[in-house]
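For reference, the chains in residue letters:
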Amino acid sequence: MSQIDPDGEILTRLEDGVFVIGINRPAKYNGFTPKMLRELSAAYTAFEREDKARVGLLYAEGPHFTAGLDLPKVAPLMGKNNLLVGLGQIDPCNNQSPFRSKPLVAAVQGITYTLGIELMLAADMVVAASDCRFSQLEVKRGIMATGGATIRMVERAGWGNAMRYLLTGDEFDVATALRFGFVQEVTEPGGQYAEAMRLARSIAAQAPLALAATIRNARLAVEHGPMAAVEDFRATQQVLMQSQDVKEGVASFVERRPARFTGQ
């Protein structure tokens, strides 16, 4: 059995159209080192570029998702451009171009702090174990959350609810995360990965072009308002209607069988 690098590692594998990305430094609560940050960006980029990958699944080895950044190792790089995302790579926090275009499901458990919350909020849906403990505690360390928490926590929970935890760094539980829309499904501890994989496989069975168009249009609405998304409806639908996937979708409906989409 190979020994885990003391600076951790990011694992990847392709499983029936699901690109699985694993955080692997359990002895240190999966605390992120610069090495892991760069490998995570590389993994997301590989997922985006892999033609056989239709959906991603982010998970962590061990009892905890992540305690966040390993500050002694990361602090010297904070505020610099080489911390997380290489030139032309996908940002795992989905805050800068090029943006991820494929769906991503996150499975979280145990301690899910700081960057862990930002990674899960940047995913498209989250399955959380009931033993999750969340905290966006940057203010306790004299810094600010810069992975998207100040944006997405406010979007999901509203100003007051978001500030309640952003400005105190207090811990909150899975019931609160569910109420705020931070997570979509809750399982017993240990069941989060299987449920996330079930959702990922369900997504992988859908039409890839339609999935990408759906994500793109929803992001357009968030970033530029509902009317920008509405104005995009017709043009996007016209493009989709020319695809082989639409023909397959109609044929599968008529023939009462599962569709076999190719992304063309």
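Right above here is the structure, for reference.
Residues numbered from 1 in each chain as written. Predicted model: local features only at pLDDT ≥ 70, side-chain atom pairs only at ≥ 80, totals over all residues. Heavy atoms only, no water.

Undergrad: Where do I start with helix α9 (residues 226-241) in this structure?
TA: Side chains of residues three or four places apart in an α-helix project in the same direction, reflecting 3.6 residues per turn. Here α9 spans 23 Å end to end across 16 residues, near enough to the 22 Å set by a 1.5 Å rise per residue. Along its length, α9 reaches its greatest deviation from straightness, about 35°, at F233. Along its buried surface, α9 packs onto α8 (208-224) and α10 (244-255). (Helix = DSSP H or I, 4+ residues; strand = E, 2+ residues; numbered from the N terminus. Expected span 1.5 Å × (residues − 1). Bend = angle between axes of the 7 residues up to and from the residue. Contact = heavy atoms within 4.5 Å.)

Undergrad: Help me understand helix α3 (residues 115-122), please; the structure alone is not making it clear to me.
TA: By the criterion of burial, α3 is predominantly enclosed, with eight of the eight residues buried. The set of residues buried in α3 consists of L115, G116, I117, E118, L119, M120, L121 and A122. (Buried < 20%, exposed > 50% of the residue type's maximum accessible area, 1.4 Å probe, protein only.)

Undergrad: Honestly, the sheet that holds strand β2 (residues 18-24) in this entry has me stumped. Any pointers?
TA: Note on sheets: strands pair through backbone hydrogen bonds, and any given pair is parallel or antiparallel. Ordered in space as β1-β2-β3-β4-β6-β9, the six strands form an open sheet in which the pairing is mixed. Of all the strands in the sheet, the pair left with one neighbour each is β1 (9-15) and β9 (185-187). Across the sheet, the mean angle from the axis of one strand to that of its neighbour is 20°, orientation sign disregarded. Relative to strand β6 (residues 125-129), strand β4 (residues 104-108) is paired through four bridges, and the arrangement is parallel. In the strand pairing of β6, V108 is matched with A128. Across the sheet, helix α1 (residues 34-49) is in contact with β1, β2, β3 (55-60) and β4; its angle to β1 comes to roughly 15°. (Pairing = 2+ DSSP bridges. Axes fitted to C-alpha atoms, helices over the stretch in contact; angles between N-to-C directions.)

Undergrad: I tried to follow the side chain of E118 on my own but got confused; where do I start?
TA: The residue E118 is located in helix α3 in this model. No salt bridge is formed by the buried E118. Its closest oppositely charged neighbour is R152, at 7.1 Å. If we ignore the near neighbours within four places in the chain, the residues touching E118 are C93, Q136, E138, A145, T146, G147, G148 and A149. (Lys, Arg positive; Asp, Glu negative; His and termini not counted. Salt bridge = Lys/Arg side-chain N within 4 Å of Asp/Glu carboxyl O.)

Undergrad: I keep staring at the packing of helix α4 (residues 149-157) against helix α5 (residues 159-166) and nothing clicks. Help me out?
TA: At a minimum axis separation of 7 Å, α4 and α5 run at an interaxial angle of 135°. As the angle between them shows, α4 and α5 are arranged oblique. Judged by the twist between their axes, the crossing of α4 over α5 is right-handed. Contact with α4, carried on its side by A149, T150, M153, V154 and A157, involves W159, N161, A162, M163, Y165 and L166 of α5 and no other residues of that element. Considered class by class, the residues forming the contact of α4 with α5 number nine nonpolar, two polar and no charged. (Parallel < 35°, antiparallel > 145°, perpendicular 65-115°, else oblique. Left-handed = near helix turned anticlockwise from the far one by under 90°. Nonpolar A, V, L, I, M, F, W, Y, C, P; charged D, E, K, R; others polar.)

Undergrad: How do you make sense of the pairing of β1 when you look at a structure like this?
TA: Where β1 meets β2, seven bridges bridge the pair, whose relative direction is antiparallel. Note on β2: the bridge partner recorded for R13 is V20. Following β1, the chain reverses through two residues before pairing antiparallel with β2; D16 in that reversal takes a positive phi of roughly 50°.

Undergrad: Can you walk me through the sheet that holds strand β8 (residues 172-173) in this structure?
TA: Strands sit in the order β5-β7-β8 across an open sheet of three strands; the sheet is mixed. Edge strands, defined here as strands with exactly one partner in the open sheet, are β5 (111-113) and β8. Direction of pairing for strand β7 (residues 133-135) relative to β8: antiparallel, over a ladder of two bridges. Paired with F134 across the strands is F172, a residue of β8. Sitting on the sheet, α3 is in contact with β5, β7 and β8, with an inclination near 85° to β5.

Undergrad: Would you mind going over the packing of α3 against α4 with me for this structure?
TA: Think of two packed helices as two axes; the pair is described by the angle between the axes and how far apart they sit. The contact between α3 and α4 brings their axes to 10 Å, and the two run at 60°. By the angle between their axes, α3 is oblique relative to α4. Judged by the sense of rotation from one axis to the other, the crossing of α3 with α4 is left-handed. For the pair α3 and α4, contact is made by E118, L121 and A122 and by A149, R152, M153 and R156, respectively. For the contact of α3 with α4, a count of residues per class yields four nonpolar, no polar and three charged.

Undergrad: Please explain unusual backbone geometry as it appears in this structure.
TA: Generally, phi is negative for residues other than glycine and the peptide bonds are trans, each holding for most cases. A cis amide bond links S97 with the next residue in sequence, P98, at an omega value of 0°. Considering the arrangement of structural elements, one finds P98 in the loop between α2 (71-74) and β4. Of note, the phi angle at Y29 is positive, near 55°, even though the residue is not glycine. Its place among the elements puts Y29 in the loop between β2 and α1. Assessed through its relative accessible area of 42%, Y29 is described here as partly exposed. Look at T114: it is not a glycine, yet its phi comes out positive at around 40°.

Nothing here speaks to function; it is all geometry.
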